[in-house]
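Chains, contacts and geometry: an overview
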Amino acid sequence: MEWKTKEKTVSWTFEKSSTVILIFGDHLVRELIGRILSGRDCESGECCIGNISSKNDTEQYKKKIDYVILADIHSELLVRDYLNFYAMISNKYTPEKEKEIQSLLRVFNKEGILFKKVDDLFPKDKFIVRCLVAYIKGIKLLIGNNVLSELDNDSKRLAIEFINCIFTSHSSHCILLEEKWEGDIGIKLDVIKYDE
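To keep things clear, this report deals only with the structure shown in the data block. Worth saying up front: this structure is predicted, and the values here are computed from it rather than measured.

This part covers the overall build of the protein. A count of helices and strands for the protein gives six helices and nine strands. Within the protein, buried positions represent 49% of all 196 residues. Taking contacts inside the protein between residues at least 6 apart in sequence as the whole, the part at least 24 apart equals 75%. When the accessible surface of the protein is split by element, carbon and sulfur atoms take 47% of a total near 10,000 Å².

What follows is about the pattern of salt bridges. Side chains bearing opposite charge may pair, as long as their charged atoms lie close to each other. Within the structure shown, the criterion is met by nine salt bridges. Glu111 is the salt-bridge partner of Arg106, the closest N and O atoms lying 3.0 Å from each other. Overall, Glu111 belongs to the partly exposed group, its relative accessible area being 27%. With a shortest N-O distance of 2.9 Å, Asp125 and Lys110 are connected by a salt bridge. Taken together, the residues span a long stretch of sequence, with Asp125 in helix 5 (residues 123-137) and Lys110 in the loop between helix 4 (95-107) and helix 5 at a distance of 15 residues. Here Asp125 falls in the buried class, since its relative accessible area comes to 4%. Residues joined by salt bridges that share partners form a network here, namely Asp66, Arg130 and Lys137.

The next thing to look at is the environment of Gly25. Its place among the elements puts Gly25 in the loop between strand 3 (19-23) and helix 1 (27-37). The spacing of Gly25 and Lys193 is 168 residues in sequence and 8.4 Å in space, taken between C-alpha atoms.

Our next topic: the environment of Asp41. Looking at the secondary structure, you find Asp41 in the loop between helix 1 and strand 4 (45-49). Discounting chain neighbours no more than four positions away, the residues touching Asp41 are Leu32, Arg35 and Ile36.

Considered for burial, the residues of helix 1 that qualify are Val29, Arg30, Ile33, Gly34, Ile36 and Leu37. Summarising the axial view, the buried residues of helix 1 lie within an arc of 165°, below the 170-degree limit, and thus occupy one face. Structurally, the start of helix 1 carries an N-cap: the backbone nitrogen of Leu28 is 2.8 Å from a side-chain oxygen of Asp26.

Looking now at the nonpolar core. Counting 44 residues, the largest nonpolar core has Leu83, Phe127, Leu132, Leu142, Leu148, Phe167 and Leu176 as its most contacted members. The set of elements that each furnish at least two residues to this core consists of strand 3, helix 3 (79-89), helix 4, helix 5, helix 6 (153-166) and strand 8 (173-178). Among the elements that take part in this core, helix 5 stands out by supplying nine residues, more than any other. Counting residues in hydrophobic clusters, the runner-up holds 16 residues, among them Val20, Ile36, Ile65 and Leu177.

A few words now on unusual backbone geometry. If a residue is not glycine, its phi is most likely negative; likewise, a peptide bond is most likely trans. In this structure, Asn109 takes a positive phi of about 55° despite not being glycine. You can see Asn109 is positioned in the loop between helix 4 and helix 5. For Asn146, which is not glycine, the phi dihedral falls at a positive 55°. Looking at the secondary structure, you find Asn146 in the loop between strand 7 (141-145) and helix 6.

Where helix 4 meets helix 5, the axes come as close as 12 Å, and the angle between the chain directions of the two elements is 145°. Considering how the two elements wind past one another, helix 4 and helix 5 form a crossing that is right-handed. Across the interface between the two elements, Lys97, Glu100, Ile101, Leu104 and Leu105 of helix 4 pack against Ile128, Leu132, Tyr135 and Ile136 of helix 5. The residue makeup of the contact of helix 4 with helix 5, split by class, is seven nonpolar, no polar and two charged.

Moving on, we get to helix 5. Given a rise of 1.5 Å per residue, 15 residues ought to cover 21 Å, and the 21 Å separating the end C-alpha atoms of helix 5 matches this to within 8%. If you check which residues of helix 5 are buried, you get Asp125, Lys126, Phe127, Ile128, Val129, Arg130, Cys131, Leu132, Val133, Ala134, Tyr135 and Ile136. Here the buried face of helix 5 lies against strand 6 (65-68), helix 3, helix 4, strand 7, helix 6 and strand 8. Gly138 occupies a position one or two residues after helix 5 and carries a positive phi of about 75°.

Calculation criteria
Residues numbered from 1 in each chain as written. Predicted model: local features only at pLDDT ≥ 70, side-chain atom pairs only at ≥ 80, totals over all residues. Heavy atoms only, no water. Helix = DSSP H or I, 4+ residues; strand = E, 2+ residues; numbered from the N terminus. Buried < 20%, exposed > 50% of the residue type's maximum accessible area, 1.4 Å probe, protein only. Contact = heavy atoms within 4.5 Å. Areas by Shrake-Rupley, 256 points an atom, 1.4 Å probe, with all protein chains shown as cover. Salt bridge = Lys/Arg side-chain N within 4 Å of Asp/Glu carboxyl O. Arc of directions from axis to C-beta. Polar contact = N/O pair within 3.5 Å; in protein donor to acceptor, adjacent residues only side chain to side chain. Core = buried A, V, L, I, M, F, W, Y, C linked by side-chain atoms within 4.5 Å. Axes fitted to C-alpha atoms, helices over the stretch in contact; angles between N-to-C directions. Left-handed = near helix turned anticlockwise from the far one by under 90°. Nonpolar A, V, L, I, M, F, W, Y, C, P; charged D, E, K, R; others polar. Expected span 1.5 Å × (residues − 1).

Put into structure tokens, the structure is as follows:
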């Protein structure tokens, strides 16, 4: 994977599925990198996943990624219906897939959120729901913009364990763009501080 801005090129090679946390103290830089990675700003830079370019293959690129901003997650639907909606519009709905999602939530003692409205969820649970949407859609790269900043270390650990369970075990990657990262959450992670 690689992103390019007018000033520099940053490149990663993912040898295997992974979760990477990039720390940007400057929120303007974090927002810019988020727009580049999500394919929403092809004038400022370009991101490539394999040979698929956000600039030259924008629509195909966007089908392979999911960009998550917690403040943008709103729905009056119950979580169960929200997930089924995304499964249906992605042409991925099966009763087996619905049971698989329930099983994943059960492992993390989160099955109860299925019967809550998305708008009523805590931030960590909203993030988990968006992770499940990305998983259902079969994305290759999940990008989270400051999704862990409001969470305590226990909640961060749960979110990372959930990501690792559903993404990294299915040959997908996760990049979390964060303003800061403090303390040890008890999980080995690639945490990179990026200075412009």
